[in-house]
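Reading the structure
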Amino acid sequence: MKMPQDGEDLASQPWYHGPLARQKAEALLQQDGDFLVRASGSRGGHPVLTCRWRGSALHFEVLRVVLRPRPGRPPALFQLEDERFPSLPALVRSYVTNQRPLSQATGAVASRPVTRQGPLRRSFSEDTLTDSPARREPFRTRKWSDSQPAGLEHMGQSRQDCSGPGHRSPGSDQGSEGSHGGRFWPGAGDASPRASLEVGTAGETLALRLCRQEALALAGAVAVLGCAGPLEERATVLRGLVELALALRPGAAGDLPGLAAVMGALLMPQVSRLERTWRQLRQSHTEAAVAFEQELKPLMRALDESVGPCEPGEVALPHVAPLVRLLEGEELPGPPDESCEQLLRTLSGGRRMARDAPKFREVAVQRLRGFRLNPELREVLTTSFVRRLLWGSRGAEAPLAERLKKFQRVLSILSQRLEPDD
(Lines give C-alpha, C1' and ligand atoms only; values in the text may rest on other atoms or scores of the structure.)
Protein backbone atom coordinates (compact mmCIF):
# COMPACT_ATOMS: atom_id res chain seq x y z
CA MET A 1 0.00 0.00 0.00
CA LYS A 2 1.42 3.40 -0.99
CA MET A 3 1.16 6.01 1.72
CA PRO A 4 1.02 9.72 0.82
CA GLN A 5 4.01 11.98 1.30
CA ASP A 6 4.07 14.96 3.62
CA GLY A 7 4.01 17.57 0.90
CA GLU A 8 0.68 16.40 -0.54
CA ASP A 9 -2.44 18.34 0.23
CA LEU A 10 -4.62 16.86 2.97
CA ALA A 11 -7.67 16.94 0.72
CA SER A 12 -5.88 14.56 -1.66
CA GLN A 13 -5.44 11.86 0.97
CA PRO A 14 -7.96 9.05 0.34
CA TRP A 15 -8.32 8.29 4.07
CA TYR A 16 -9.34 11.86 4.93
CA HIS A 17 -13.13 12.25 4.90
CA GLY A 18 -13.49 15.84 6.13
CA PRO A 19 -16.49 16.62 8.38
CA LEU A 20 -18.07 13.28 9.24
CA ALA A 21 -20.30 12.27 12.16
CA ARG A 22 -19.09 9.57 14.54
CA GLN A 23 -21.93 7.18 13.69
CA LYS A 24 -21.33 7.49 9.94
CA ALA A 25 -17.61 6.95 10.40
CA GLU A 26 -18.19 3.81 12.47
CA ALA A 27 -20.53 2.43 9.80
CA LEU A 28 -17.75 2.65 7.19
CA LEU A 29 -15.38 0.43 9.18
CA GLN A 30 -15.95 -3.25 8.41
CA GLN A 31 -12.87 -5.15 9.58
CA ASP A 32 -10.25 -4.84 12.30
CA GLY A 33 -7.56 -2.45 11.08
CA ASP A 34 -9.90 -0.34 8.93
CA PHE A 35 -9.38 3.35 9.60
CA LEU A 36 -10.16 6.86 8.41
CA VAL A 37 -9.48 10.41 9.52
CA ARG A 38 -12.34 12.88 9.94
CA ALA A 39 -13.00 16.38 11.20
CA SER A 40 -15.01 16.01 14.40
CA GLY A 41 -17.95 18.38 14.73
CA SER A 42 -18.15 17.90 18.51
CA ARG A 43 -14.49 18.88 18.91
CA GLY A 44 -14.49 22.02 16.82
CA GLY A 45 -13.34 20.32 13.63
CA HIS A 46 -10.20 18.81 15.18
CA PRO A 47 -8.92 15.70 13.37
CA VAL A 48 -9.93 12.33 14.79
CA LEU A 49 -8.54 9.00 13.64
CA THR A 50 -11.32 6.40 13.76
CA CYS A 51 -10.20 2.77 13.68
CA ARG A 52 -11.96 -0.59 14.09
CA TRP A 53 -10.20 -2.92 16.50
CA ARG A 54 -11.38 -6.16 18.09
CA GLY A 55 -14.90 -5.60 16.85
CA SER A 56 -15.29 -2.04 18.17
CA ALA A 57 -14.82 1.40 16.64
CA LEU A 58 -12.27 3.48 18.52
CA HIS A 59 -11.76 7.23 18.14
CA PHE A 60 -8.37 8.87 18.68
CA GLU A 61 -8.16 12.66 18.71
CA VAL A 62 -5.02 13.93 16.98
CA LEU A 63 -3.42 16.68 19.03
CA ARG A 64 -2.23 19.72 17.07
CA VAL A 65 0.55 21.71 18.74
CA VAL A 66 0.92 25.16 17.20
CA LEU A 67 4.50 26.42 16.95
CA ARG A 68 5.81 29.94 16.88
CA PRO A 69 6.47 30.86 13.23
CA ARG A 70 10.11 30.39 12.35
CA PRO A 71 11.86 29.75 9.01
CA GLY A 72 12.50 26.13 8.19
CA ARG A 73 10.00 24.48 10.51
CA PRO A 74 6.30 23.56 10.21
CA PRO A 75 3.57 25.77 11.67
CA ALA A 76 2.32 22.91 13.84
CA LEU A 77 3.13 19.39 15.04
CA PHE A 78 0.70 16.48 15.25
CA GLN A 79 0.66 13.65 17.77
CA LEU A 80 -1.43 10.83 19.21
CA GLU A 81 0.65 9.93 22.25
CA ASP A 82 4.33 10.82 22.53
CA GLU A 83 5.96 11.24 19.13
CA ARG A 84 5.18 14.37 17.13
CA PHE A 85 5.07 14.73 13.35
CA PRO A 86 5.34 17.77 11.05
CA SER A 87 2.07 16.93 9.30
CA LEU A 88 -1.02 14.76 9.62
CA PRO A 89 -0.06 12.63 6.57
CA ALA A 90 3.35 12.00 8.15
CA LEU A 91 1.67 10.79 11.35
CA VAL A 92 -0.68 8.44 9.50
CA ARG A 93 2.11 7.08 7.30
CA SER A 94 4.32 6.31 10.30
CA TYR A 95 1.63 4.45 12.24
CA VAL A 96 0.36 2.49 9.23
CA THR A 97 3.71 1.64 7.65
CA ASN A 98 5.31 0.55 10.93
CA GLN A 99 2.12 -1.04 12.30
CA ARG A 100 2.53 0.86 15.54
CA PRO A 101 -0.29 0.82 18.12
CA LEU A 102 -2.34 4.00 18.03
CA SER A 103 -2.29 3.94 21.83
CA GLN A 104 -0.54 1.75 24.37
CA ALA A 105 -3.79 1.26 26.27
CA THR A 106 -5.80 -0.21 23.37
CA GLY A 107 -3.07 -1.74 21.21
CA ALA A 108 -5.18 -0.80 18.17
CA VAL A 109 -3.32 -0.91 14.84
CA ALA A 110 -4.47 0.92 11.72
CA SER A 111 -3.65 -1.04 8.57
CA ARG A 112 -6.31 -0.44 5.86
CA PRO A 113 -7.55 3.05 4.94
CA VAL A 114 -11.23 3.41 4.12
CA THR A 115 -11.25 5.41 0.91
CA ARG A 116 -13.42 8.50 0.69
CA GLN A 117 -16.18 8.33 -1.88
CA GLY A 118 -17.11 11.52 -3.72
CA PRO A 119 -15.79 15.06 -3.32
CA LEU A 120 -14.49 16.29 0.00
CA ARG A 121 -16.74 18.61 1.98
CA ARG A 122 -14.93 21.82 2.83
CA SER A 123 -13.99 22.45 6.47
CA PHE A 124 -11.40 24.35 8.44
CA SER A 125 -9.17 21.29 8.25
CA GLU A 126 -8.07 21.99 4.71
CA ASP A 127 -6.63 25.27 5.95
CA THR A 128 -5.14 24.38 9.32
CA LEU A 129 -3.98 20.80 8.84
CA THR A 130 -2.24 20.90 5.46
CA ASP A 131 1.36 21.75 4.74
CA SER A 132 0.53 23.84 1.70
CA PRO A 133 2.63 27.04 1.85
CA ALA A 134 -0.03 28.89 -0.09
CA ARG A 135 -2.48 28.46 2.74
CA ARG A 136 -0.04 29.91 5.22
CA GLU A 137 0.27 33.23 3.40
CA PRO A 138 -0.89 36.11 5.61
CA PHE A 139 -4.10 37.81 4.59
CA ARG A 140 -2.81 41.26 5.47
CA THR A 141 0.40 43.18 5.95
CA ARG A 142 1.68 42.75 9.48
CA LYS A 143 1.24 45.90 11.54
CA TRP A 144 3.67 47.09 14.17
CA SER A 145 3.01 46.47 17.81
CA ASP A 146 5.15 45.56 20.76
CA SER A 147 4.96 43.67 24.02
CA GLN A 148 4.39 46.67 26.25
CA PRO A 149 0.79 47.50 27.10
CA ALA A 150 1.11 50.98 25.61
CA GLY A 151 1.53 49.21 22.28
CA LEU A 152 -2.19 48.51 22.33
CA GLU A 153 -2.62 52.17 21.46
CA HIS A 154 -0.59 51.64 18.28
CA MET A 155 -2.13 48.43 16.95
CA GLY A 156 -2.87 48.76 13.26
CA GLN A 157 -0.34 51.57 12.73
CA SER A 158 2.91 51.36 10.85
CA ARG A 159 6.30 51.54 12.52
CA GLN A 160 6.92 55.00 11.06
CA ASP A 161 3.81 56.24 12.87
CA CYS A 162 4.88 54.79 16.21
CA SER A 163 8.20 56.38 17.01
CA GLY A 164 8.68 57.85 20.44
CA PRO A 165 10.42 57.41 23.78
CA GLY A 166 8.49 54.26 24.57
CA HIS A 167 9.19 52.63 21.21
CA ARG A 168 11.54 49.71 20.73
CA SER A 169 12.09 47.29 17.92
CA PRO A 170 10.06 44.06 18.27
CA GLY A 171 13.20 42.17 17.27
CA SER A 172 15.17 43.61 20.15
CA ASP A 173 16.25 41.22 22.88
CA GLN A 174 16.85 43.84 25.51
CA GLY A 175 14.99 44.28 28.73
CA SER A 176 14.91 40.66 29.73
CA GLU A 177 16.78 41.18 32.95
CA GLY A 178 15.27 41.01 36.41
CA SER A 179 14.93 38.67 39.32
CA HIS A 180 11.79 37.15 37.90
CA GLY A 181 12.02 37.57 34.17
CA GLY A 182 11.49 41.19 33.18
CA ARG A 183 11.84 44.88 33.85
CA PHE A 184 9.81 47.95 33.07
CA TRP A 185 9.93 49.32 29.56
CA PRO A 186 9.95 53.11 29.12
CA GLY A 187 6.41 54.33 29.48
CA ALA A 188 5.23 51.24 31.31
CA GLY A 189 4.78 53.13 34.56
CA ASP A 190 1.67 54.94 33.36
CA ALA A 191 -1.23 54.64 35.77
CA SER A 192 -3.56 53.37 33.04
CA PRO A 193 -4.12 49.59 33.30
CA ARG A 194 -3.70 49.39 29.53
CA ALA A 195 -0.31 51.04 29.78
CA SER A 196 0.98 49.16 32.81
CA LEU A 197 0.10 45.61 33.73
CA GLU A 198 1.98 44.83 36.94
CA VAL A 199 1.45 41.38 38.36
CA GLY A 200 2.98 39.69 41.36
CA THR A 201 5.54 41.33 43.59
CA ALA A 202 8.57 41.20 41.32
CA GLY A 203 7.50 44.13 39.13
CA GLU A 204 6.67 42.01 36.10
CA THR A 205 4.78 43.78 33.35
CA LEU A 206 3.24 42.85 30.04
CA ALA A 207 6.54 44.05 28.60
CA LEU A 208 7.91 40.67 29.72
CA ARG A 209 9.44 39.12 26.65
CA LEU A 210 9.32 35.38 25.99
CA CYS A 211 13.09 35.25 26.44
CA ARG A 212 12.94 34.03 30.03
CA GLN A 213 10.23 31.46 29.39
CA GLU A 214 12.09 30.03 26.41
CA ALA A 215 15.41 30.05 28.27
CA LEU A 216 13.89 28.14 31.20
CA ALA A 217 12.24 25.68 28.81
CA LEU A 218 15.61 25.04 27.18
CA ALA A 219 17.21 24.56 30.59
CA GLY A 220 14.53 21.98 31.43
CA ALA A 221 15.14 20.18 28.15
CA VAL A 222 18.88 20.12 28.85
CA ALA A 223 18.18 18.52 32.23
CA VAL A 224 16.50 15.64 30.40
CA LEU A 225 18.66 15.37 27.29
CA GLY A 226 21.89 15.84 29.22
CA CYS A 227 21.09 12.82 31.39
CA ALA A 228 23.17 10.14 29.65
CA GLY A 229 22.90 7.64 32.49
CA PRO A 230 20.46 4.74 32.90
CA LEU A 231 16.98 4.97 31.38
CA GLU A 232 15.36 5.04 34.82
CA GLU A 233 17.46 8.07 35.77
CA ARG A 234 16.16 9.97 32.74
CA ALA A 235 12.57 8.94 33.52
CA THR A 236 13.09 10.23 37.06
CA VAL A 237 14.08 13.63 35.65
CA LEU A 238 10.86 13.65 33.62
CA ARG A 239 8.90 12.82 36.75
CA GLY A 240 10.57 15.71 38.57
CA LEU A 241 9.54 18.14 35.83
CA VAL A 242 5.97 16.83 35.86
CA GLU A 243 5.78 17.23 39.63
CA LEU A 244 7.17 20.76 39.32
CA ALA A 245 4.50 21.60 36.74
CA LEU A 246 1.81 20.25 39.07
CA ALA A 247 3.16 22.43 41.88
CA LEU A 248 2.98 25.52 39.62
CA ARG A 249 -0.52 24.93 38.21
CA PRO A 250 -3.63 26.97 39.08
CA GLY A 251 -4.85 26.24 42.58
CA ALA A 252 -1.32 25.43 43.75
CA ALA A 253 1.39 28.07 43.34
CA GLY A 254 -0.55 29.56 40.44
CA ASP A 255 2.66 30.57 38.62
CA LEU A 256 1.51 30.17 35.02
CA PRO A 257 4.64 31.60 33.33
CA GLY A 258 6.67 29.06 35.28
CA LEU A 259 4.20 26.32 34.33
CA ALA A 260 4.49 27.30 30.66
CA ALA A 261 8.29 27.09 30.84
CA VAL A 262 8.25 23.60 32.38
CA MET A 263 5.64 22.36 29.91
CA GLY A 264 7.68 23.90 27.10
CA ALA A 265 10.54 21.63 28.12
CA LEU A 266 8.36 18.51 28.36
CA LEU A 267 6.63 19.20 25.04
CA MET A 268 9.79 20.11 23.14
CA PRO A 269 10.10 17.81 20.10
CA GLN A 270 13.58 16.65 21.12
CA VAL A 271 12.16 15.50 24.47
CA SER A 272 8.78 14.19 23.35
CA ARG A 273 10.40 11.89 20.76
CA LEU A 274 12.19 9.87 23.49
CA GLU A 275 9.79 6.94 23.30
CA ARG A 276 11.74 4.59 25.55
CA THR A 277 12.11 7.27 28.22
CA TRP A 278 8.39 8.09 28.22
CA ARG A 279 7.54 4.40 28.27
CA GLN A 280 9.77 4.00 31.32
CA LEU A 281 7.99 6.93 32.95
CA ARG A 282 4.61 5.21 32.42
CA GLN A 283 5.95 1.97 33.89
CA SER A 284 7.87 3.34 36.87
CA HIS A 285 5.99 6.55 37.64
CA THR A 286 2.48 5.87 36.40
CA GLU A 287 0.83 8.58 38.49
CA ALA A 288 3.08 11.29 37.06
CA ALA A 289 2.57 10.01 33.51
CA VAL A 290 -1.22 10.02 33.89
CA ALA A 291 -1.18 13.53 35.39
CA PHE A 292 0.91 14.79 32.47
CA GLU A 293 -1.36 13.31 29.81
CA GLN A 294 -4.76 13.86 31.40
CA GLU A 295 -4.27 17.08 33.36
CA LEU A 296 -1.23 19.10 32.35
CA LYS A 297 -1.38 18.80 28.55
CA PRO A 298 -5.08 19.76 28.27
CA LEU A 299 -4.50 22.58 30.78
CA MET A 300 -1.60 24.01 28.78
CA ARG A 301 -3.56 23.75 25.55
CA ALA A 302 -6.45 25.66 27.12
CA LEU A 303 -4.11 28.34 28.49
CA ASP A 304 -2.47 28.84 25.09
CA GLU A 305 -5.92 29.21 23.54
CA SER A 306 -6.87 31.81 26.20
CA VAL A 307 -9.67 29.66 27.60
CA GLY A 308 -7.85 28.30 30.65
CA PRO A 309 -8.25 29.35 34.30
CA CYS A 310 -7.15 32.89 35.07
CA GLU A 311 -9.00 33.87 38.24
CA PRO A 312 -7.06 35.67 40.99
CA GLY A 313 -6.87 33.25 43.86
CA GLU A 314 -6.31 30.23 41.66
CA VAL A 315 -3.63 32.18 39.79
CA ALA A 316 -0.91 34.46 41.15
CA LEU A 317 0.94 35.13 37.88
CA PRO A 318 -1.26 34.87 34.76
CA HIS A 319 -0.28 33.33 31.43
CA VAL A 320 0.58 36.41 29.37
CA ALA A 321 2.52 34.60 26.62
CA PRO A 322 -0.37 34.48 24.07
CA LEU A 323 -0.92 38.24 24.43
CA VAL A 324 2.82 38.98 24.26
CA ARG A 325 3.16 36.94 21.05
CA LEU A 326 0.21 38.79 19.57
CA LEU A 327 1.67 42.19 20.44
CA GLU A 328 5.04 41.08 19.07
CA GLY A 329 3.35 40.79 15.67
CA GLU A 330 3.03 37.00 15.49
CA GLU A 331 0.35 35.84 13.07
CA LEU A 332 -2.34 33.55 14.44
CA PRO A 333 -2.65 30.24 12.59
CA GLY A 334 -5.81 28.98 10.92
CA PRO A 335 -8.48 30.44 8.65
CA PRO A 336 -9.74 33.99 9.24
CA ASP A 337 -12.86 33.08 11.22
CA GLU A 338 -10.92 30.86 13.64
CA SER A 339 -7.96 33.23 14.01
CA CYS A 340 -10.32 36.15 14.63
CA GLU A 341 -12.00 34.25 17.46
CA GLN A 342 -8.58 33.50 18.95
CA LEU A 343 -7.61 37.15 18.57
CA LEU A 344 -10.72 38.32 20.42
CA ARG A 345 -10.22 35.77 23.21
CA THR A 346 -6.60 36.81 23.64
CA LEU A 347 -7.37 40.54 23.75
CA SER A 348 -10.28 39.96 26.10
CA GLY A 349 -8.03 37.95 28.39
CA GLY A 350 -5.46 40.75 28.33
CA ARG A 351 -8.09 43.25 29.44
CA ARG A 352 -9.15 40.98 32.29
CA MET A 353 -5.55 40.57 33.41
CA ALA A 354 -5.05 44.35 33.37
CA ARG A 355 -8.27 44.84 35.35
CA ASP A 356 -7.33 42.17 37.90
CA ALA A 357 -3.66 43.19 38.23
CA PRO A 358 -4.06 44.44 41.85
CA LYS A 359 -5.76 41.17 42.80
CA PHE A 360 -2.96 39.12 41.23
CA ARG A 361 -0.46 41.17 43.23
CA GLU A 362 -2.34 40.47 46.46
CA VAL A 363 -2.41 36.74 45.74
CA ALA A 364 1.30 36.73 44.96
CA VAL A 365 2.05 38.53 48.22
CA GLN A 366 0.04 35.92 50.13
CA ARG A 367 1.84 33.07 48.36
CA LEU A 368 5.24 34.56 49.23
CA ARG A 369 4.43 35.43 52.84
CA GLY A 370 7.19 34.07 55.05
CA PHE A 371 9.49 33.34 52.11
CA ARG A 372 13.08 34.55 52.43
CA LEU A 373 15.28 34.51 49.37
CA ASN A 374 18.86 33.38 49.92
CA PRO A 375 20.92 36.39 48.77
CA GLU A 376 23.54 34.06 47.35
CA LEU A 377 20.92 32.65 44.95
CA ARG A 378 19.56 35.98 43.73
CA GLU A 379 21.88 36.11 40.71
CA VAL A 380 21.07 32.50 39.80
CA LEU A 381 17.39 33.40 39.42
CA THR A 382 17.95 36.16 36.88
CA THR A 383 17.30 35.69 33.18
CA SER A 384 20.77 36.98 32.33
CA PHE A 385 22.35 34.19 34.41
CA VAL A 386 20.27 31.52 32.67
CA ARG A 387 21.25 32.94 29.30
CA ARG A 388 24.95 32.93 30.20
CA LEU A 389 24.60 29.39 31.55
CA LEU A 390 23.09 28.15 28.28
CA TRP A 391 25.07 30.16 25.72
CA GLY A 392 28.10 31.53 27.55
CA SER A 393 28.91 35.21 28.02
CA ARG A 394 29.58 35.90 24.34
CA GLY A 395 26.80 33.72 22.99
CA ALA A 396 24.25 35.37 25.30
CA GLU A 397 24.80 38.64 23.45
CA ALA A 398 23.93 37.13 20.06
CA PRO A 399 20.49 37.84 18.50
CA LEU A 400 17.68 35.81 20.04
CA ALA A 401 16.71 33.99 16.82
CA GLU A 402 20.32 32.95 16.20
CA ARG A 403 20.75 31.70 19.76
CA LEU A 404 17.59 29.62 19.65
CA LYS A 405 18.36 28.15 16.23
CA LYS A 406 21.81 26.96 17.28
CA PHE A 407 20.60 25.59 20.59
CA GLN A 408 17.81 23.64 18.89
CA ARG A 409 20.48 21.91 16.82
CA VAL A 410 22.40 21.00 19.96
CA LEU A 411 19.25 19.57 21.57
CA SER A 412 18.49 17.54 18.43
CA ILE A 413 21.98 16.00 18.52
CA LEU A 414 21.64 15.13 22.21
CA SER A 415 18.22 13.60 21.60
CA GLN A 416 19.49 11.45 18.73
CA ARG A 417 22.41 10.21 20.82
CA LEU A 418 20.09 9.10 23.59
CA GLU A 419 17.59 7.35 21.30
CA PRO A 420 18.74 7.12 17.67
CA ASP A 421 16.17 6.78 14.93
CA ASP A 422 15.79 3.20 13.76
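Residues numbered from 1 in each chain as written. Predicted model: local features only at pLDDT ≥ 70, side-chain atom pairs only at ≥ 80, totals over all residues. Heavy atoms only, no water.

The subject of this paragraph is the overall build of the protein. Of regular secondary structure, the protein possesses 14 helices and eight strands. Counting across all 422 residues of the protein, residues that qualify as buried make up 47%. Long-range pairs, those at least 24 residues apart, make up 61% of the contacts in the protein with a sequence separation of at least 6. Within the structure as shown, the protein displays about 20,700 Å² of accessible surface, and the carbon and sulfur contribution to it stands at 53%. (Helix = DSSP H or I, 4+ residues; strand = E, 2+ residues; numbered from the N terminus. Buried < 20%, exposed > 50% of the residue type's maximum accessible area, 1.4 Å probe, protein only. Contact = heavy atoms within 4.5 Å. Areas by Shrake-Rupley, 256 points an atom, 1.4 Å probe, with all protein chains shown as cover.)

On the surface, a cluster of negative charge is made up of D304, E305, D337, E338 and E341. Structurally, E338 is set in helix α11 (residues 336-355). (Patch = residues over 30% accessible without salt bridge, like charges linked within 9 Å, V, L, I, M, F, W, Y side chains within 5 Å. Salt bridge = Lys/Arg side-chain N within 4 Å of Asp/Glu carboxyl O. Lys, Arg positive; Asp, Glu negative; His and termini not counted. Charge placed at Lys NZ, Arg CZ, Asp CG, Glu CD.)

Below, the discussion takes up the packing of aromatic side chains. If you walk through the whole model with that rule in mind, you get three aromatic pairs. Taken together, a centroid distance of 5.6 Å and an interplanar angle of 65 degrees make the contact between W391 and F407 edge-to-face. In this pair, W391 is assigned in helix α13 (residues 383-395) and F407 in helix α14 (residues 400-418), connecting sequence segments 16 residues apart. Across the pair, F407 and W391 agree in class, each one buried. It is R100 that lies over the ring of Y95; its NZ or CZ is 4.4 Å from the centre. (Phe/Tyr/Trp six-rings, centres within 6.5 Å; stacked < 30°, edge-to-face > 60°. Lys NZ or Arg CZ within 6 Å of the ring centre and 35° of its normal.)

Bringing the sheet that holds strand β7 (residues 84-85) into the picture now. Ordered in space as β5-β6-β7, the three strands form an open sheet in which the pairing is antiparallel. Taken across any chain shown, the strands that pair with only one partner, and hence form the sheet edges, are β5 (63-66) and β7. As paired strands, strand β6 (residues 76-79) and β7 are joined by two bridges and run antiparallel to one another. Among the inter-strand pairings, F78 is bridged to a residue of β7, identified as F85. (Pairing = 2+ DSSP bridges.)

To continue, consider the nonpolar core. L259, M263 and L266 are the most contacted members of the largest nonpolar core, which totals 50 residues. A total of eight residues in this core trace back to one element, the largest contributor, which is helix α9 (residues 286-304). Discounting residues that sit within four places of it in the chain, L259 has contacts with A245, L248, R249, P250, L296, L299, M300 and L303. The next biggest cluster of nonpolar side chains, apart from the first, holds 23 residues, and it includes W15, V62, A76 and A108. (Core = buried A, V, L, I, M, F, W, Y, C linked by side-chain atoms within 4.5 Å.)

Scored by pLDDT, the protein comes out at a mean of 76, with 75% of its residues at no less than 70. In the predicted structure, residues 1-8 sits below a pLDDT of 50 and forms 21 contacts with residues beyond four places in sequence or in another chain. Every residue in residues 130-208 is under pLDDT 50, and counting partners more than four places away or in other chains gives 159 contacts. (pLDDT = per-residue confidence, 0-100.)

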